[in-house]
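The residues making up each chain are set out below.
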Amino acid sequence: MSLIKSISGIRGTIGGKVDDNLTPVDVVKFTAAFGTWLQKNKNKKDLILVIGRDARISGAMVNSLVTATLQGLGIHVVDLGLSTTPTVEVMVPELNADGGIILTASHNPKQWNALKLLNEKGEFISGKDGAEMLEIAEKEDFNFAEVDDLGKYETRTDAFDIHIQKILDLPMVDVEAVKAKKFKVVLDAVNSTGGISLPPLLEKLGCEVVKLYCEPNGQFPHNPEPLKEHLTDICDLIKKEGADVGIVVDPDVDRLALIDENGEMFGEEYTLVAVADYLLRHKKGVAISNLSSSRALRDVARNLNSEYFASAVGEVNVVTLMKEKNAVIGGEGNGGIIYPDLHYGRDSLVGVALFLTHLVKENKTVSELRATYPAYYMGKKKIELTPEIDVDALLVKMQEEYKNEEISTIDGLKIDFPENWVHLRKSNTEPIIRIYTEAFSQQEADELADKMIAKIKSLI
């Protein structure tokens, strides 16, 4: 079954049977549910929704279905066309809209697409709101508009310009200093919308841009998740071009991976660490990431007399905690930068501008900058269990086993040892415990995961 209905959106593979995959019928149903939910909550006429899409092959078809369904409900649509997740998030409040839908399956392969749902602040809807929307979808409780009340449709072509200008206007982005450096940058945008949104920003920052896979045709030339094993082409090109830095984004441009001048990965976890290091040097405060992100962020924050807190996994949870703690910076270890001075959403464009400013201020190469941060290594494993095993009870037993360590239970079980940590999370869809570890070497991280698997088996 390839249709995943969650509070944050609807994701699935294109084609196949209704309610098993993301078929046209499912797109219409869930769009209608979201539009209906908005109408019930807003209690006003003439709602406006902003939509935008990444470049995947099914995007135009899904866009047509979403647009027509919203108009059928009497909702006015502002269509940004090919866009990025952060650009749509910025444009919702910019246009005083009532919500937004981003058509993207993020880092998933080309057969996937999804509806990401935004509230009037341009932020992902809450768990409670998502549950209400899914209930409306389940009941198919829709009431479409009569012919004189159909929604209007308009397009906008200036969204990237507005988003980029907001970034260049940020006090913490030193445009002139970055321009003076004349960085040579190689960009891999996996043939999606990073290829049309990032070059204008980089050029305004005085960079020479070498484009790799920047044609927004949705034909992903490699697995679109920006992990080391998928990025051999850009690593080779950086060395060949003598570039200063490599930039890699996923199809909807909310995850940012960096590569140094030697073609070596900076480490996705360290995108947030570097940006936080820069910002907290200038304004002491709070940094936030989720429980499965690197301890390096905590170390950097503490070194700069700032505080660090961890949220449950998921962007909505990170944002909620950021607001509660009035954080200076937050995000996720997958290269997701959330800079509240711009907006509360993961944004690779602002991440690039802040990182390049930091690089200039430190007067270091990318590899030299990376060497200033603590070196941690992560392990990710899972243990498959039989369906009759009570996973929650197992995690309670594990908590009791390690009660003398620093424990967090806000999202599964996180055990912080002095030298390393382990995070155990139950899968929502199958009898699996996911095991994330971090230590000072890859071997230690993997050994810790294996030790946890052995301990869990001994408790069954």
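Any details on the sheet that holds strand E6 (residues 112-118)? Residues and values, ideally.
Strand order in the open sheet formed by 7 strands is E1-E2-E6-E5-E3-E4-E7, with mixed pairing between adjacent strands. Whereas interior strands pair on both sides, the edge strands pair on one side only; in this sheet they are strand E1 (3-6) and strand E7 (153-155). Within this sheet the neighbouring strands show an average axis-to-axis angle of 15 degrees, counted without direction. In this sheet, strand E4 (residues 76-82) lies alongside strand E3 (residues 48-53) in parallel orientation, the contact comprising 5 bridges. Bridged to Ile48 within E4 is His76. Docked against the sheet, helix H2 (residues 59-72) engages E3, E4, strand E5 (99-103), E6 and E7, running at close to 175 degrees with respect to E3.

Any details on the pattern of salt bridges? Residues and values, ideally.
Enumeration according to the criterion identifies 30 salt bridges in this entry. Residue Lys5 is joined to Asp19 by a salt bridge in which the shortest nitrogen-to-oxygen separation is 2.9 Å. Of this pair, Lys5 sits in strand E1 while Asp19 sits in the loop between strand E2 (9-13) and helix H1 (24-42), placing them 14 residues apart in sequence. Classification of Lys5 as partly exposed rests on a relative accessible area of 31%. Residue class for Asp19 comes out partly exposed when judged on its relative accessible area of 30%. For Asp392, the salt bridge goes to Lys426, with nearest N and O atoms at 3.1 Å. Pair noted here: Asp392 is in helix H14 (residues 391-401) and Lys426 is in strand E19 (residues 421-426), with a separation of 34 residues, a long-range link. Salt bridges linked by common partners bring Lys116, Asp252, Asp254, Glu315, Glu332 and Arg346 together as one network.

Requested: an account of H1, with residues and values cited.
Its 19 residues give H1 an end-to-end C-alpha distance of 27 Å, which sits within 8% of 27 Å, the value for a rise of 1.5 Å per residue. Taken from the residues just after H1, Asn43 is the one with a positive phi, measuring 50 degrees.

Before we move on, can you summarise the environment of Ile460 with the specific residues and values?
Take Ile460: it is sitting in the segment after helix H15 (442-459). For Ile460, a relative accessible area of 53% puts it in the exposed group. In this structure, the C-alpha to C-alpha distance between Ile460 and Leu394, residues 66 residues apart in sequence, is 7.3 Å. Once you skip the residues sitting within four places of it in the chain, Ile460 turns out to touch Leu385, Ile389 and Leu394.

Could you give an account of the pairing of strand E10 (residues 245-249), with specific residues and numbers?
The element E10 is largely enclosed, with a buried count of 5 among its 5 residues. The side-chain alternation of E10 yields two buried faces, one formed by Val245, Ile247 and Val249 and the other by Gly246 and Val248. The pairing of strand E8 (residues 184-188) with E10 spans 4 bridges and is parallel. Looking across to E10, one finds that Val185 is bridged to Val245. Inspection of the sheet shows E10 paired to strand E11 (residues 256-259) by 4 bridges, in the antiparallel sense. Opposite Ile247, over in E11, you have Leu258 as the bridge partner. Joining the antiparallel neighbours E10 and E11 is a turn of 6 residues, in which Val253 adopts a positive phi near 65 degrees.

Give a description of the nonpolar core that names residues and reports values.
Ranked by internal contacts, the top residues of the largest apolar core, which has 60 residues, are Leu198, Leu205, Phe355 and Leu356. Excluding residues within four positions of it along the chain, Leu205 makes contact with Leu168, Val173, Val175, Val178, Lys179, Ala353 and Leu356. The next biggest cluster of nonpolar side chains, apart from the first, holds 26 residues, and it includes Val27, Phe34, Val66 and Leu115.

Just give me the short version of the state of the cysteines, but keep the residues and values in it.
Applying the stated criterion to the full structure yields 0 disulfides. The closest cysteine sulfur to the non-disulfide-bonded Cys207 is located on Cys214, 14 Å from its own sulfur. Residue class for Cys207 comes out buried when judged on its relative accessible area of 8%. Accessibility expressed as a relative area gives 12% for Cys214, which makes it buried.

Could you give an account of the packing of helix H5 (residues 159-168) against helix H12 (residues 348-362), with specific residues and numbers?
Between H5 and H12, the least distance of the axes is 10 Å, while the angle of their chain directions is 30 degrees. Classed by the angle they form, the pair H5 and H12 counts as roughly parallel. Remark: the crossing between H5 and H12 carries right-handed chirality. Facing H5, whose interface residues are His163, Ile164 and Ile167, H12 presents Leu349, Val350 and Ala353. Its residues placed into classes, the contact of H5 with H12 shows 5 nonpolar, 1 polar and no charged.

Can you break down the sheet that holds E8 residue by residue, with the values?
The sheet built from 4 strands is open, its strands ordered E9-E8-E10-E11 with mixed pairing. Sheet topology places strand E9 (208-212) and E11 at the edges, where each strand pairs with a single neighbour. Strand-to-strand twist across the sheet, computed as the mean angle between neighbouring axes with direction ignored, equals 25 degrees. Against the sheet, helix H8 (residues 232-241) makes contact with E8, E9, E10 and E11, and its axis sits at roughly 160 degrees relative to E8, the strand it touches most.

Calculation criteria
Residues numbered from 1 in each chain as written. Predicted model: local features only at pLDDT ≥ 70, side-chain atom pairs only at ≥ 80, totals over all residues. Heavy atoms only, no water. Pairing = 2+ DSSP bridges. Helix = DSSP H or I, 4+ residues; strand = E, 2+ residues; numbered from the N terminus. Axes fitted to C-alpha atoms, helices over the stretch in contact; angles between N-to-C directions. Contact = heavy atoms within 4.5 Å. Salt bridge = Lys/Arg side-chain N within 4 Å of Asp/Glu carboxyl O. Buried < 20%, exposed > 50% of the residue type's maximum accessible area, 1.4 Å probe, protein only. Expected span 1.5 Å × (residues − 1). Core = buried A, V, L, I, M, F, W, Y, C linked by side-chain atoms within 4.5 Å. Disulfide = S-S within 2.5 Å. Parallel < 35°, antiparallel > 145°, perpendicular 65-115°, else oblique. Left-handed = near helix turned anticlockwise from the far one by under 90°. Nonpolar A, V, L, I, M, F, W, Y, C, P; charged D, E, K, R; others polar.

What is shown is where atoms sit, not what they do.
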